[in-house]
Structure formats: structure tokens, C-alpha cells
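Survey of secondary and tertiary structure
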Amino acid sequence: MDIKTTFKVISFIFSSFFVSSSLQAAEPPKTVALTQIVDHPAADSVREGILKALQDSGYEKGKSLNLIYENAQGSPVTATQIAKKFVALKPDLIISITTPSTQAMVKANENYSLPIVFAAVTDPIASGVVPSLSHPGGHVTGATDAAPIKQQLEFFKKVLPNLKTLGILYNPGDNSSATPVKEARQAAKELGITLVEATAFKTADVPSASQQLAGQKVDAIFVPLDNTILSAMEAVLKVANQYKIPVVSSDKDSVAQGALASSGYTHFDTGYAAGKLAVQVLQGASPGDLPVVKPTNMNTYINSKSAKDLNVTIPEDVLKAAEKM
């Protein structure tokens, strides 16, 4: 064998070795099962944030990530069915968006012990999702979207300096609403605002609940992060506009729909925070060892058109600090 032939043989052997090593090193795609309770701009933004965080860490849908996605379309029964289906599939990770989907998933997972990362669960402890935010334990962790209620009310009072009576809409059957409403009661008292409450157990109840607040001549209507109310935001705005009542919200997307102002964390940021936790779990971390997180950036939004329609003059310092829609 001459030197040239010997060199070709050696080159072939080395090439084969490196190709084999690369194939062995390449990890198979991870399977992630993701679900949310309903189609809504807020929940959709959370999902987008999760997928972006995964993609930024190299988990790209259709390539290094097999994504299974199911939407419960607002039905708790369907959410339970999806949860049972997901745990039976035994994916590498389950991601659940919103409190109802997460509660269903945690219950279905009791005998499976699969890793779960949740997103947009307002009160994970009261909802029975985790026993502790700093030390979740078990197989669950995630990102909460709990809003800084007092800061929000302070912002709304800047937007509406004459705010004395504030109506609040919420679903008392949703555990995620309990904490923000409790905080709103305390914050309103401290800020000298009278809080008027109206409840809606389902979206069909929202118009009459909104009408109830309008009848009590509230200065504004506040919509916290409540899935039931946010899903029927158009109904809230219809009544409020009829009575020329400003609507303020914890939800940025409400401002795009026509609410006057919002303050809080963006849903995308909540999803991104959950997505970063999901990456850690996919790389081997135990969910129970990862503290529950929340976004860090506060954002404020003003709908200039709604302000004009309502004859509301937004203070100049508020306008300068807020993003306008």
C-alpha cells in the first residue's frame, strides 16, 4: 500500500469515527406536552413566551422538540381529559398554562410523577398546585402571574386622579382570583378608594355583572387577571362604553381591546420565565428544586383613543412613562 492510499484509509477511519461520535452525541428530540384552558390573547401570549424561551435554548419545534398541544376551549371537563391523555403519553415534560389546566394536570399526575412546569397560575399555593413558592418539592414548579395589586391601583389613581369608587369584576369560583381581590380590598382602603364588587361565575354572567357596577355609578371598572372576565372583555367594554366608564386592567391585551389603561407584567414575559424553567427541567433539573418565579419588569399601557372617547385627560407624566396603544 503506497503512502497516498494509506493516507486515504486513515482519513476514512477518522471521518467515520467523528461521524459516529456526532451521531452518538446528538440528543433525540425532547417531547413536551403543552396545554391551556382557553383561546385568549393573554393565554396565547404566555404560550408564545414559553416557546420563545425554549427556542432560544435550542429546543426548536419540529427539530429538537416534539410539541404536543391541546386546548380545553374553556371546559374544565375537557381540561381533565387532556390531563389524563398527557400523563398516559409520558412526555419528557408537561407545561400547563392557567390555573384550571394546571390543577387538572397536577391531579392526573398523582400516580405518574412526571415533571410539570406551569405558567400564569396566579396563586399556586391557594390553588393547591405547590405547597411553597421557594421550595415547591414534588414534581411541579412554574411561573406565577400574580399582579402587584397595590402598585396597579396607585397607577390607576394617577391615570384617574378623581377616582373614588372602583368597581371590580371577578369569578369567585376561580381560586386565582381570591388573592388579587383580597389584596385589592386592602389596597383600596389604604388609598382611600371605595371598592364595589361584582361577580360572574361564567362568561355569560359578565354582561349583567358589568351592568350591576354601572348601575352603582362607579368611577372606573377594574378587571384583574381573571380568566372568566378576560374571556368576556368585549362584554365589559360594551357596557362600560355605554355608560362612559373607564375600564382599567391587569392585562395589557385588554388595552388593545379598548380598556383605558393597564399595569403589570406582560403575559409573554410570564411565559418566557416559565420557558426558562422548562429548559432547566429538560436539561435534568428536578422541578421540586426550582423556586416558583415571576417576571420582573412592570409595564404600563394607555389607550389614547379610549381616553379621547371618554374625555379623560391623562396626566403628562403618566403619558411619558406609559406605552401608548
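Thresholds, definitions, all that
- Residues numbered from 1 in each chain as written.
- Predicted model: local features only at pLDDT ≥ 70, side-chain atom pairs only at ≥ 80, totals over all residues.
- Heavy atoms only, no water.
- Helix = DSSP H or I, 4+ residues; strand = E, 2+ residues; numbered from the N terminus.
- Contact = heavy atoms within 4.5 Å.
- Pairing = 2+ DSSP bridges.
- Axes fitted to C-alpha atoms, helices over the stretch in contact; angles between N-to-C directions.
- Phe/Tyr/Trp six-rings, centres within 6.5 Å; stacked < 30°, edge-to-face > 60°.
- Salt bridge = Lys/Arg side-chain N within 4 Å of Asp/Glu carboxyl O.
- Buried < 20%, exposed > 50% of the residue type's maximum accessible area, 1.4 Å probe, protein only.
- Core = buried A, V, L, I, M, F, W, Y, C linked by side-chain atoms within 4.5 Å.

**Brief notes about the environment of A119**
Along the chain, the position of A119 falls in strand β4 (residues 116-119). For the pair A119 and L67, spaced 52 residues apart in sequence, the C-alpha to C-alpha distance is 16 Å. Apart from the residues within four sequence positions on either side, A119 is in contact with V46, I50, S96, I97, T98, A143 and A274.

**Remarks on the sheet that holds strand β8 (residues 220-223)**
Spatially, β7-β6-β8-β9-β10-β11-β12 is the arrangement adopted by the seven strands of the open sheet, whose pairing is mixed. Each end of this open sheet is capped by a strand with a single partner; those strands are β7 (194-199) and β12 (323-324). Relative to the sheet, helix α5 (residues 149-159) contacts β6 (165-170), β8, β9 (247-249), β10 (261-264) and β11 (299-302), its axis offset from that of β10 by approximately 150°. Across the sheet, helix α9 (residues 233-242) is in contact with β6, β8 and β9; its angle to β9 comes to roughly 150°.

**Brief notes about the packing of aromatic side chains**
What the rule picks out here adds up to three aromatic pairs. Here the aromatic residues F155, F156 and F222 are joined through ring pairs into a cluster of three or more.

**Quick notes on the pattern of salt bridges**
Taken as a whole, this structure holds eight salt bridges when the rule is applied. Residue E190 pairs with K150 through a salt bridge whose shortest N-O separation is 2.7 Å. Of this pair, E190 sits in helix α6 (residues 175-190) while K150 is found in helix α5, placing the two residues 40 residues apart along the sequence. By relative accessible area, K150 is classed as partly exposed at 37%.

**Details of the nonpolar core**
Considering soluble globular proteins, one finds that nonpolar side chains tend to be buried as a cluster. Within the largest apolar cluster, 52 residues are counted, with the highest numbers of intra-cluster contacts made by V159, L166, L169, I221, V223, V236 and V247. Dropping the residues within four chain positions of it, V236 is found in contact with L169, V206, S210, I221, V223, I229 and V247. In terms of nonpolar packing, the next biggest core, distinct from the first, is built from 23 residues, L93, I95, A273 and V281 among them.

**Some words on the sheet that holds strand β1 (residues 30-36)**
Pairing between the strands of a sheet is mediated by backbone hydrogen bonds and can be parallel or antiparallel. Pairing is parallel across the open sheet formed by five strands, whose spatial order is β2-β1-β3-β4-β5. Unpaired on one side and paired on the other, β2 (65-71) and β5 (140-143) mark the two borders of the sheet. Averaged over all neighbouring strand pairs, the angle between strand axes comes to 20°, with direction disregarded. As judged from the seven bridges shared by β1 and β2, these two strands associate in the parallel manner. When the sheet's bridge partners are listed, A33 is paired in β2 with I68. Contacts between helix α3 (residues 76-89) and the sheet are confined to β1, β2 and β3 (93-97), with β2 contributing the most and set at about 160° to the helix.

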